[in-house]
Number of protein chains: 2
Amino acid sequence: MKKITLEKAASLLLSHDKFKILTHIYPDGDCLGCGYALAFALRKLGKQANVAVEGALPSKFGYLAEHYEEQDFTPEYIVSVDVAAPSLLGESVMQGVDHIDLCIDHHGTNTITADYIYVDSSAAAAAESIWQLLPLLHVEMDEDIAAAIYTGISTDTGCFCYSNTTSRTHHIAAGVMPFCDWNKINYINFVVKTRAKLKLERMILDTMSYYYDGKCAVIYTTLDMCEKLGTGDDEMEGLASIPRQIEGVQMGITMREKAGGVFKISVRTNDGVDASAFCKLFGGGGHPAAAGCSVEGDLETVRDKLVTAAGDFLR
Amino acid sequence: MKKITLEKAASLLLSHDKFKILTHIYPDGDCLGCGYALAFALRKLGKQANVAVEGALPSKFGYLAEHYEEQDFTPEYIVSVDVAAPSLLGESVMQGVDHIDLCIDHHGTNTITADYIYVDSSAAAAAESIWQLLPLLHVEMDEDIAAAIYTGISTDTGCFCYSNTTSRTHHIAAGVMPFCDWNKINYINFVVKTRAKLKLERMILDTMSYYYDGKCAVIYTTLDMCEKLGTGDDEMEGLASIPRQIEGVQMGITMREKAGGVFKISVRTNDGVDASAFCKLFGGGGHPAAAGCSVEGDLETVRDKLVTAAGDFLR
């Protein structure tokens, strides 16, 4: 295990030829953006590279793979991108993988075991590091790479709105925009919603409850609600941002019931409240203002646990 | 009336000393950002400059004027910023003004009468032109100017999401972010909402109606609704973006009842549908993807008029 510079990461990539790139479970715009951008870059160098995605590529991200076809080869170099912890590596992604050669990430809490590790926790998205890699690999920007990088940086910053955004994030956006249909990407990721999602939002607003003089707000979805509306995981995106928007709320908690008696918890915070430290109490983690965990139990039990912990935490 | 370059605009500003800067009615982040950025810049040059705002400065934009105090002088040079048409100049703003010397704007449809006109319709926000003016005026960036410019470019692009955003917009963001508390500005303009606004959103979702196979969606607020919830103009912001978000919607229309039997109409479009041309049918105007107008009548009459026109327009 060795922490390395991005220059070293580039030279490791340049000195190998057959890559498998690992993304995390519940794949999001950043891990997919990193995966496809890196794969396209390596392929431009005449190398072979596949992106391993747990489950199917979410349909909304189909545009990332428009010019991508799985290649048939036996990988000799394994790279994980935007994966913060071993538990986030899905079963099918890890098939045939016995160790990770190189880990590229931006989570300060990274716990991946790999031969070489590059973590830039100042990067709003891991895709920023992939963007920085390109000149080191002597790869020129093109439409596919630009779309993937733009997807990574825009989705991990809520379209350049979250506190993790930096001048560098904007510089990268300015640089990749001329190469890709960023407006279509914004529409897909930040604008369009199905009528079912709109109904779900309406329903979830009715579940909002406030605690501790409104410093903590909690919303939830249940399997029943989703079944009734016919909504799936796609419709769940963005719901986590709702409770922290309310005036006075420092910690917004979103609870999503999953099969098997477990709730997936998303925490979003304001005013410097550490979402990552809070989620760590429940075995989760993430970023200072956006983190997650899983808690077992029924709705009332899980909510009570979270709210009680939030009370201690906000004091 | 003479169209001029930005260099000429700078030399006009440099050769005068007592400025009144005019902003438009229903002042938004861009006209206010332009106004305060330009006033701060001119004051740094030892000149006198006041920003004329119709009504009180909206409280959410109070941060723009944190280091601003009205100066006592008789203006000799009148500059309008981000004002697209004479009808958008409010009564109190125009007090003592008999003609406009210089107009700086980014609306391609600009109809202001002024001695000199600078309109850059490629600018996402008029604040982009103010930012470009700074080096021509030999004014260095500071916190106040940066906050005002950031406010202009971020609010006019929906935080860098709308189709009017360009690489230049991102370049400017990257440049001003180190000087100001852009995260606070984002929180104020794009994140926080009152509980009353949340209730209003819930209520407005119930008013959604679809037409023409879902290509057109309409929502509305009435004076009754707002009175019931205790919401004012502040809570109305952002509502206009709701209907165009729905999958398949090409034209999203938001109707807001105002006192005196008139509805203020906001139109947001996708797929290249020209919102500005549509609003022109009702004596309004704006940008290709975001425009507005006013229509007199009761709810049903106004909606019928708009929906009928939309049907012709979408065909």
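Quick notes on the rules
- Residues numbered from 1 in each chain as written.
- Chains lettered and ligands numbered in written order.
- Predicted model: local features only at pLDDT ≥ 70, side-chain atom pairs only at ≥ 80, totals over all residues.
- Heavy atoms only, no water.
- Pairing = 2+ DSSP bridges.
- Helix = DSSP H or I, 4+ residues; strand = E, 2+ residues; numbered from the N terminus.
- Contact = heavy atoms within 4.5 Å.
- Axes fitted to C-alpha atoms, helices over the stretch in contact; angles between N-to-C directions.
- Phe/Tyr/Trp six-rings, centres within 6.5 Å; stacked < 30°, edge-to-face > 60°.
- Lys NZ or Arg CZ within 6 Å of the ring centre and 35° of its normal.
- Buried area = accessible area lost by both parts, 1.4 Å probe.
- Salt bridge = Lys/Arg side-chain N within 4 Å of Asp/Glu carboxyl O.
- Polar contact = N/O pair within 3.5 Å; in protein donor to acceptor, adjacent residues only side chain to side chain.
- Disulfide = S-S within 2.5 Å.
- Expected span 1.5 Å × (residues − 1).
- Buried < 20%, exposed > 50% of the residue type's maximum accessible area, 1.4 Å probe, protein only.
- Least-squares fit on C-alpha atoms with pLDDT ≥ 70 in both.

(A) Local environment of the sheet that holds strand 4 (residues 77–81) of chain A. Residue and element names in this part refer to chain A. Ordered by their spatial adjacency, six strands build an open sheet running 1-6-5-4-2-3, and the pairing between neighbours is parallel. Only two strands of the sheet have a single partner each, and these edge strands are strand 1 (2–3) and strand 3 (48–52). Relative to strand 3, strand 2 (residues 18–22) is paired through five bridges, and the arrangement is parallel. For Leu 22, the partnering residue across the bridge sits in strand 3 and is Ala 52. Of the strands in this sheet, strand 2, strand 4, strand 5 (100–105) and strand 6 (114–119) touch helix 1 (residues 6–14), which is tilted by about 135 degrees from strand 6. Against the sheet, helix 2 (residues 29–44) touches strand 2, strand 3 and strand 4, its axis set at about 170 degrees to strand 3.

(B) Spatial organisation of the packing of aromatic side chains. Evaluation of the coordinates by the stated rule reveals 19 aromatic pairs over all chains. Ring centres of A:Phe278 and A:Phe313 lie 5.4 Å apart, and the angle between their planes is 75 degrees; on these two criteria the pair is classed as edge-to-face. You can see A:Phe278 sitting in helix 10 (residues 275–280) and its partner A:Phe313 sitting in helix 11 (residues 299–314), a full 35 residues away along the chain. Counting every residue linked through ring pairs, the aromatic cluster contains A:Tyr150, A:Phe160, B:Tyr150 and B:Phe160. Sitting above the plane of the A:Tyr26 ring, A:Lys264 keeps its charged end 4.6 Å from the centroid.

(C) Summary view of the interface of chain A and chain B. Contacts between the two partners involve 39 residues from chain A and, on the opposite side, 39 residues from chain B. Between chain A and chain B, a total of about 3400 Å² is buried, with carbon and sulfur atoms accounting for 60% of that surface. The three residues of chain A that bury the most area against chain B are A:His170, A:Arg195 and A:Gln245, which together make up 17% of that side's buried surface. Our enumeration of links across chain A and chain B arrives at two salt bridges. Taken together, the connections running from chain A to chain B amount to eleven residue pairs in polar contact (both at pLDDT 80 or more). Elements with a contribution of two residues or more to the side of chain A that touches chain B: helix 5 (167–176), helix 6 (182–191) and helix 7 (195–205) of chain A. Per-element tally for the side of chain A that touches chain B: the top contributor is helix 6 of chain A, with six residues.

(D) Molecular detail of the state of the cysteines. Following the criterion strictly, the structure yields zero disulfides over all chains and no others. The thiol sulfur of B:Cys159 is not disulfide-bonded, and the nearest other cysteine sulfur, from A:Cys161, lies at 3.9 Å.

(E) How the structure looks around helix 11 (residues 299–314) of chain B. Residues and elements named next belong to chain B. Under the 1.5 Å per step criterion, the end-to-end length of helix 11 is 22 Å for 16 residues, consistent within 8% with the ideal 22 Å. Within the span of helix 11, buried status applies to Leu 299, Val 302, Arg 303, Leu 306, Val 307, Ala 309, Ala 310, Gly 311 and Leu 314. Elements that come into contact with the buried residues of helix 11 comprise strand 7 (209–211), strand 8 (216–221), strand 9 (251–258), strand 10 (262–269), helix 10 (275–280) and strand 12 (290–296).

(F) Up close: the relation of the copies chain A and chain B. Take chain A, turn it by 180 degrees, move it 0.0 Å along the axis, and it overlays chain B with an RMSD of 0.1 Å. The relationship between the two copies is best expressed as a two-fold rotation axis. Rotation axis and chain A: the residue whose C-alpha lies nearest the axis is A:His170, separated from it by 2.5 Å. Most of the interface of chain A is mirrored in chain B: 100% of its interface residues are interface residues there too.

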